[in-house]
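# Summary of the model geometry
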Amino acid sequence: MAEMDFDNWRQRIDEIDLELTKLLNERMSCALQIGQIKKMYGRPIRDVERERALIQKLQDANKGPIRDETIEEIFRRIIAEAVYLEEED
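Attention in this report is confined to the structure presented alongside it. (Residues numbered from 1 in each chain as written. Predicted model: local features only at pLDDT ≥ 70, side-chain atom pairs only at ≥ 80, totals over all residues. Heavy atoms only, no water.)

### Things to note about the nonpolar core
Core analysis: the biggest nonpolar cluster contains five residues, these being I45, L54, I55, I79 and V83. Taken together, the elements giving at least two residues each to this core come down to α2 (48-61) and α3 (68-88). Beyond its immediate stretch of four places on either side in the chain, I55 contacts E72, F75, R76 and I79. (Core = buried A, V, L, I, M, F, W, Y, C linked by side-chain atoms within 4.5 Å. Buried < 20%, exposed > 50% of the residue type's maximum accessible area, 1.4 Å probe, protein only. Helix = DSSP H or I, 4+ residues; strand = E, 2+ residues; numbered from the N terminus. Contact = heavy atoms within 4.5 Å.)

Put into structure tokens, the structure is as follows:
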């Protein structure tokens, strides 16, 4: 019985990981569109205030068990990837 529960939990994690990958790529596609608009209007790619506000909003919404510090680390990496893609586009 426990083995079946273990396998079910692993399968659920695999499904979540696939969904996260899909959502991350969708987010990056949106960032690329925003990057095009920024370039068209001569706006800088990075907006440090927006980044800070986003991370704070996410931490405020965080109900755990993930730590706020981890939320910040994850989203700083996501933002860095979006900036990289926007600059390369």
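### Digging into a nonpolar patch on the surface
On the surface, a nonpolar cluster with roughly 230 Å² of combined accessible area is contributed by I16, L20 and L24. Here I16 shows up in helix α1 (residues 2-40). (Patch = residues over 30% accessible without salt bridge, like charges linked within 9 Å, V, L, I, M, F, W, Y side chains within 5 Å. Areas by Shrake-Rupley, 256 points an atom, 1.4 Å probe, with all protein chains shown as cover. Salt bridge = Lys/Arg side-chain N within 4 Å of Asp/Glu carboxyl O.)

### Here's the deal with the packing of α2 against α3
α3 packs onto α2 with a crossing angle of 145 degrees between their chain directions and a minimal axis gap of 10 Å. Where α2 crosses over α3, the two elements pack in a sense that is right-handed. Across the interface between the two elements, E51, L54, I55, L58 and Q59 of α2 pack against D68, E69, I71, E72, F75, R76, I79 and V83 of α3. (Axes fitted to C-alpha atoms, helices over the stretch in contact; angles between N-to-C directions. Left-handed = near helix turned anticlockwise from the far one by under 90°.)

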